[in-house]
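# Examining the three-dimensional arrangement
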Amino acid sequence: MSQDSVLSEDECWELLKAQEFGRLAYILSDRIQMVPVNYAVNGQTLVFRTARGSKLAGVMSNAAVVFEVDAIDDGAEVGRSVVLHGVADVLPAEAEPMIEQLGLRPWLDTVKPTLVLITPDELTGRRYDLSRPWRHMIRPEGEGEPRADA
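The structure reproduced in this document is the subject of the present report. Just so you know, these numbers come straight off a predicted model, no measurement behind them. Just so you know, the residues in each chain are numbered from 1, in the order the chain's sequence is written. In keeping with the model being predicted, local features are shown solely for residues with a pLDDT of at least 70 and side-chain atom pairs are shown and tallied solely at 80 or more, while totals for entire chains, interfaces and linings include all residues. Water and hydrogen atoms play no part in the side-chain values, which are based on all heavy atoms of the structure.

### What to know about the overall build of the protein
Broken down by element type, the protein carries 3 helices and 8 strands. Secondary structure elements are taken from DSSP: a helix is a run of H or I of four residues or more, a strand is a run of E of two residues or more, and numbering for both begins at the N terminus. Moving toward the C terminus, one meets the helices and strands of the protein in the order β-α-β-β-β-β-α-β-β-α-β. Exposure categories follow from relative accessible area, calculated using a 1.4 Å probe and restricted to protein chains: below 20% of the type maximum is buried, above 50% is exposed, and the middle band is partly exposed. Here the protein, with 150 residues, has 34% of them falling under the buried criterion. Pairs of residues are marked as contacts when any of their non-hydrogen atoms sit within 4.5 Å. For the protein, long-range pairs separated by at least 24 residues make up 72% of all intrachain contacts whose partners lie at least 6 apart in sequence. Summed over its atoms, the accessible surface of the protein is roughly 9300 Å², and 52% of this surface lies on carbon and sulfur atoms. For every accessible area listed, the method is Shrake-Rupley and the probe measures 1.4 Å; residues are considered covered only by the protein chains on display.

Below, the structure written as structure tokens:
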């Protein structure tokens, strides 16, 4: 049976700092939107880059956002998930030098001139002991016999 436990706030921030790709949920035109974004941690806030479009329109029309990140350690059969509820604010251009030090770069070959800061008002996380027995039944490519740990 799978067990789960609550992550401390420090453990949540450790996971957020260790990752650089998550999902941002925001409201636009009375619909919840969810998009992947790469981000950086700045103190106890998150920063991402964007261009004009639905993400920017969404956070400018309703600053309440949710951000989520997951990590799975296949070797230990452990999963962790962090959900951050917060408020998004567009940063002024003067913040660019500070953000440059975080190494936040677009993953796509597009210009993303707008910096958005997410300040959390709630941060929660869970650790899950995974139970995936089918993973032990998978045969490595090229092997005809089941593995010894099957």
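Here the narrative resumes, following the displayed structure.
### Considerations on the pairing of strand 2 (residues 21–28)
Each regular strand carries side chains that alternate between the two faces of the sheet. As paired elements, strand 2 and strand 3 (residues 31–38) share 8 bridges and run antiparallel to each other. Following the sheet pairing, leucine 28 is matched in strand 3 by arginine 31. Pairing between strands is defined by DSSP: at least two bridges between them are needed. Count of turn residues in the strand 2/strand 3 antiparallel hairpin: 2 residues, of which serine 29 carries a positive phi of about 55°. Two strands pair when backbone bridges link them, and strand 2 and strand 6 (residues 64–73) are joined in this way by 3 bridges, in the antiparallel orientation.

### Some details on the packing of aromatic side chains
Only centres within 6.5 Å qualify two rings of Phe, Tyr or Trp (six-membered ring in Trp) as a pair; their planes then separate them into stacked at under 30 degrees, edge-to-face at over 60, and tilted for everything else. One pass over the structure, following the stated rule, counts 1 aromatic pair. Here the aromatic rings of tyrosine 39 and phenylalanine 67 are separated by 4.8 Å at their centres, their planes lie at 75°, and the arrangement is edge-to-face. Of this pair, tyrosine 39 sits in the loop between strand 3 and strand 4 (40–42) while phenylalanine 67 sits in strand 6, placing them 28 residues apart in sequence. The two residues tyrosine 39 and phenylalanine 67 agree in class, both being buried.

### Quick look at the side chain of lysine 55
In this fold, lysine 55 is placed in helix 2 (residues 54–61). Those residues within four positions of lysine 55 in sequence are excluded, and the remaining contacts are Leu24, Tyr26, Val35, Val37, Phe48 and Thr50.

Geometry only, nothing functional implied.
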